[in-house]
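# Structural overview for review
Each chain is listed here by its residues.
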Amino acid sequence: MEVLNAAIEGASAETALKRRSRASVKFTAHAKLDRMCSLQTGAKEEMYKDPEWRKQQWEELVSIAGRTDWKKHDVKDGVTVSRMGFNENQHAIIKVEGIVDAKMRLVYGFLQKSLTQGGKLDFPFRKEKVLEKISCKPSCSIVDCFHEIRNLPRTRPRCATVLKMAMPNHMTSRETCGLLITSVNHSKSTPLVKEAVRISVGVTGCVLEPVSEPVPTAAASTSNMDDSDEDEMDTEPMKTKMTFIMQVNLQGSLQRIVKASYKSGLLVIGMRSFYLNLVEHINNYVKIIDI
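First, a word on what this report is: a plain description of the structure on this page. (Residues numbered from 1 in each chain as written. Predicted model: local features only at pLDDT ≥ 70, side-chain atom pairs only at ≥ 80, totals over all residues. Heavy atoms only, no water.)

## Quick word on the pattern of salt bridges
This structure, assessed with the given rule, holds 13 salt bridges. One salt bridge in this structure joins E97 and K95, with 3.7 Å as the shortest N-O distance. A relative accessible area of 15% means that E97 is categorised as buried. Note that K127 and E148 form a salt bridge whose closest N and O atoms lie 3.1 Å from each other. In this pair, K127 is assigned in the loop between α5 (104-114) and β4 (129-134) and E148 in the loop between β5 (140-147) and β6 (158-167), connecting sequence segments 21 residues apart. Taking the relative accessible area as the measure of exposure, E148 reaches 33% and is therefore partly exposed. When salt bridges that share partners are traced, they join K95, E97 and K241 into one network. (Salt bridge = Lys/Arg side-chain N within 4 Å of Asp/Glu carboxyl O. Buried < 20%, exposed > 50% of the residue type's maximum accessible area, 1.4 Å probe, protein only. Helix = DSSP H or I, 4+ residues; strand = E, 2+ residues; numbered from the N terminus.)

## Overview of the pairing of strand β11 (residues 240-249)
For β11, the buried fraction is high: 7 of the 10 residues fall into the buried class. The pairing of strand β3 (residues 92-100) with β11 spans 9 bridges and is antiparallel. Across the sheet, the residue bridging to I94 is M246, located in β11. As judged from the 2 bridges shared by strand β9 (residues 200-201) and β11, these two strands associate in the antiparallel manner. Across the sheet, V201 pairs through a bridge with V248, a residue of β11. Taken together, the 6 bridges between strand β10 (residues 204-210) and β11 define a ladder with antiparallel strand orientation. Considered in β11, the bridge of V207 is made with T243. (Pairing = 2+ DSSP bridges.)

## A closer look at the environment of L163
By the secondary structure assignment, L163 is in strand β6. Linking L163 and H186, residues 23 residues apart in sequence, is a C-alpha distance of 9.9 Å. Residues in contact with L163, not counting those within four places in the same chain, are Y48, W53, R54, C140, S141, I142, L180, I181, T182 and V184. (Contact = heavy atoms within 4.5 Å.)

Written out as structure tokens, the structure reads:
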């Protein structure tokens, strides 16, 4: 939502309203569609309680990040933005990736903190309502989210019920870790306002992978090493590939705006700026933590 706002703000208010006018039809015509889409949103209730199901969602996210059939690659400043075909998928599927000059465990630590209140990635959850917390590993929480679209007058707010999870690398099969959110159904879910449109969030999140070669080490015995020698033997890669995958259907005119703003380049610029800004915050975090 934050990226969408940035894309809309990149154009004049008049241009954004014209785009909305071209893309939208009367709300009465969309009411039935909104209800139908809300029924299709997310996984069946209770599936998220199964830890194996949650692991499968992570493996799916990693698989999507590694696909080779992405389209419309835009590379600049070390950041690649690409997408899947808009016409072939229910969701708009977008990937943003690059390399961070930091160890994976430090980037992962930053991302975990960034989802908490006041963190750099808390914007989808600032008005969240926690419905359930699951402690069984990988632990997660089920939350109701709400977002007002202030930049487009007469646009109804959006809401979603999502699973929010951090996945540590010791629980994955491919030396990955990161964050995941995806729509689910929950019996206690209630929109914050009655007129809110329920959106669909496919398997979405951030995948971290170590990318640099380990520091070369000697085969000699380490029995006589002092502390400084042990530091030199640290083989953890110093760089991390950070990939964001976004799968979202905002419903109605907003979904059309996402597609149009991507094709015009506005959304690409917004996402690249978001990514580079996040990398800057990670670098500042690492300077403090990795001493």
